[in-house]
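# Results of the structural survey
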Amino acid sequence: MLANIWLLAAYSHSFWQRAYDLFGAQPGLLIMFGVGIWAFTMVYVLVFTNRWFLKPFLIANILIGAGASYYHETMGIIIDREMIQNILGTTANESRNLLTPAYLRYMFVFAFLPSLAVLAVRVSHPPFAKSARRHMALLFLCVLIFTGAAYSNYQVFSFSIKQSPGMRQILHPESTVQSLLKYAEMKWKAQSLEFQKVALDAHKGNIAQGARHPVLTVLVIGETLRDQNWGLSGYERNTTPELTKRDVLPIAGVKSCGTSTSVSIPCMFSKLGRQNFTYERAVAQENLLDIVKRAGYDVEWWDANTGDMGVAERMTYANFNRADDPEFCNGGECNDGILLRQLQDRVGSITRDTVIVLHQIGNHGPAYFERYPKEFAKFLPDCRDADLANCSSGDVVNAYDNAVAYTDLQIAKTIDLLSTLPGLSTSLIYVSDHGESLGEKGLFLHAAPYWIAPDEQTRVPMVLWMSNNFKQDLKLDYDCVAAHGVGSLSHDNFFHSVLGLLDIETTEHDRELDIFASCRTAQQIASR
C-alpha cells in the first residue's frame, strides 16, 4: 500500500493538479475521486504481483513512472503508444541528447533511491494458502472501493475527465504500462497480417515513356521542421534566404499525417491516408516506393536520420548518419551536408529514370545546435545545450531557426546541383515529416497525441522545383502548379502527387489528391 501511495504521489503531479482543478471546489468529491484512483491502482498492483514478483514489479514501475513523469513535467510529453514506438527506435546519439544532467539527477532521487528502499525492506510472508486468501480479499475489497467511488458520482467523474483531454494518459506509471501493452499488440498484429502487393498495374504513362532525357527526381524528407518558422511561409525572420532566390513553388501549412517520424513517414508513403492509416496495415502492404519501382524507376533511399521506418525495405538503402567525413560529421553523427556530398558523387552516373529519397536529420531536437556548423549560426545567442531548460526561450528559438536556415541552404544547393545536369530531367520535392513545439503552452519537442497536438507539431512546409527539361519532358504547366501553393494540402496529397509528377498510371492513383493532375499541357491531355 505504501509503495502504491508513493507511485501515485511522486509520478502523477499533473494528474492530481487537473483533478484539483476539476473537483477542488467540492472537497468531498475530490476525496472520493482520490480514493477511487487509489483503489484502481491497488487493483493494478495486486493483479500483477505475488510474493515472488512483488519487488521486481514495484521497481519496474518506479523506473517507468519516474522516466515518464520527468518528460511530462518538464516538456509536456505524453507517453502513448506512438511515443513508445519512438523511444524503442531511438539511437545512441539521440539517447545521449536526452540523458541530460537534470534527467539523471531526477532519476537518482525519484527512481534509484526508491528502488533501493524497496530492495532494503524485508517482507515476511505467511504460509502460501493464507497469503493467497489475504491477497484475494484485498483485491476484492479494492475492486469494491473503486466501483463504489466511481458509481457514487459516475456522471460527474465521466463528464469531467472527458472535458480534460489527455488526463488518463498522465496517470503514471499505469498509463505508460498500458501504452507498452498497446505497442506490443500493434507489433503482433503487424506480423500476423499477410503482406499485400499494391498497384500491380503501375506503369509509366505515354509522356514519361517518351521523355527526351532520363528523369531524376529527388524527394527530400525533412525532419521536425514546422511551418511557423519557415521563411517562405511568412515567418517574420528570413530563415529561407537561399530558396527565396530560387524559382521554387512554396506550399505553406501542409497538414502532417502524424506528429512523429515513425508515424508520418510510413503514412505519407502509403496509399491509406491519415484517416485510414494504422502502422499494422502500412507495413503489411507495398508503398509508394514499391509502385515507383514497379513502374520502371530506379529507387534509392539515403538516410542522415535514424532510418526509413520500414518504407525502403525493398529498395537500395544507404545510411550516412555515421559517415567518416570531418566536414559534416562530429561525435558520431552527421548533419545534412553529407547527403549533398553523396548526391554530387552520384549524379554523374545516372542514365536511367531514378528517384532518390534524401531523409534529413533536419531540426531533430533537443540538440538543435548540432544540426548546423557552429560558424553557420545566424541567429544569436543560440542554445547550445540539449537540456532546453538551461536556455532562455529566445535562445532555443534561435538555435531552431539556425537549423531551419541550414535546411534552406541544403535544399538550395541540391537544386543548384540538379540545375547543372543538362542531360537529365530533374525535379525536387521537399516536405517535412512533422513539426515541433518550442515551449508554447508548456510543450517541447513533438509526438503529442494527434487529437490534442498543436499546430506547431502538425503544420509543415512543402517546396516544389522543376528544371526546364523536366517541365518540357513531363509536359507540366508550371504556372498551373504554382496556383496550388495557396491551397489546403496534407501529407495525403504526397503519395498521389508523386505518382502524378512522375506520370505513373495505376488504379491506385487518386487525381483528386494529385496536385499535378490538372496541370498537364494540352499535348499531354491529347495523348491520353
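Structure shown above.
No experiment lies behind these values; they were computed from the predicted model shown. (Residues numbered from 1 in each chain as written. Predicted model: local features only at pLDDT ≥ 70, side-chain atom pairs only at ≥ 80, totals over all residues. Heavy atoms only, no water.)

## Concerning the overall build of the chain
Across its full length, the chain holds 22 helices and 13 strands. Here the C-alpha radius of gyration of the chain, 26 Å, is about what a compact globule of 528 residues would show, namely 24 Å. If one aligns the C-alpha atoms of the chain with their principal axes, the spans along those axes are about 85 × 50 × 45 Å. Per-residue burial for the chain yields a buried fraction of 56% across its 528 residues. The contacts in the chain between residues at least 6 apart in sequence include a share of 76% that link residues at least 24 apart. Working note: accessible area of the chain is about 23200 Å², and carbon and sulfur atoms make up 58% of it. On the chain, the mean spot of the 45 positive side-chain charges and the mean spot of the 53 negative ones are 8 Å from each other. (Helix = DSSP H or I, 4+ residues; strand = E, 2+ residues; numbered from the N terminus. Rg over C-alpha atoms; globule rule 2.2 N^0.38 Å. Buried < 20%, exposed > 50% of the residue type's maximum accessible area, 1.4 Å probe, protein only. Contact = heavy atoms within 4.5 Å. Areas by Shrake-Rupley, 256 points an atom, 1.4 Å probe, with all protein chains shown as cover. Lys, Arg positive; Asp, Glu negative; His and termini not counted. Charge placed at Lys NZ, Arg CZ, Asp CG, Glu CD.)

## A few points about the sheet that holds strand E12 (residues 459–466)
In spatial order, the strands read E3-E12-E9-E2-E8-E4-E5; together these 7 strands make up an open sheet with mixed pairing. On the outer flanks of this sheet lie strand E3 (249–255) and strand E5 (316–319), each paired with one strand and no other. Between one strand and the next, the sheet's axes are offset by a mean angle of 15°, whatever the strand orientation. As paired elements, strand E4 (residues 298–303) and E5 share 4 bridges and run parallel to each other. Within E5, the residue paired with Trp301 across the bridge is Tyr317. (Pairing = 2+ DSSP bridges. Axes fitted to C-alpha atoms, helices over the stretch in contact; angles between N-to-C directions.)

## Remarks on the state of the cysteines
Summed over the entire model, instances satisfying the criterion amount to 4 disulfides. In this model, Cys329 is linked to Cys334 through a disulfide, with the two sulfur atoms separated by 2.0 Å. Residues Cys329 and Cys334 share a disulfide whose torsion about the S-S bond is about 100°; that sign makes it right-handed. Accessibility classification places Cys329 together with Cys334 in one group, the buried group. Residue pairing for Cys383: its cysteine sulfur links by disulfide to Cys391, the two sulfurs lying 2.1 Å apart. (Disulfide = S-S within 2.5 Å.)

## Focus: the nonpolar core
Ranked by internal contacts, the top residues of the largest apolar core, which has 83 residues, are Leu216 and Leu428. If you tally residues by element for this core, the top one is helix H17 (residues 393–419), at 13 residues. Not counting residues within four places of it along the chain, the set of residues in contact with Leu216 comprises Val347, Ile350, Thr354, Ile356, Leu418, Leu421, Leu424, Ser425, Thr426 and Ser427. Among the nonpolar cores identified, the runner-up in size contains 50 residues, and Ala208, Val460, Tyr478 and Leu501 belong to it. (Core = buried A, V, L, I, M, F, W, Y, C linked by side-chain atoms within 4.5 Å.)

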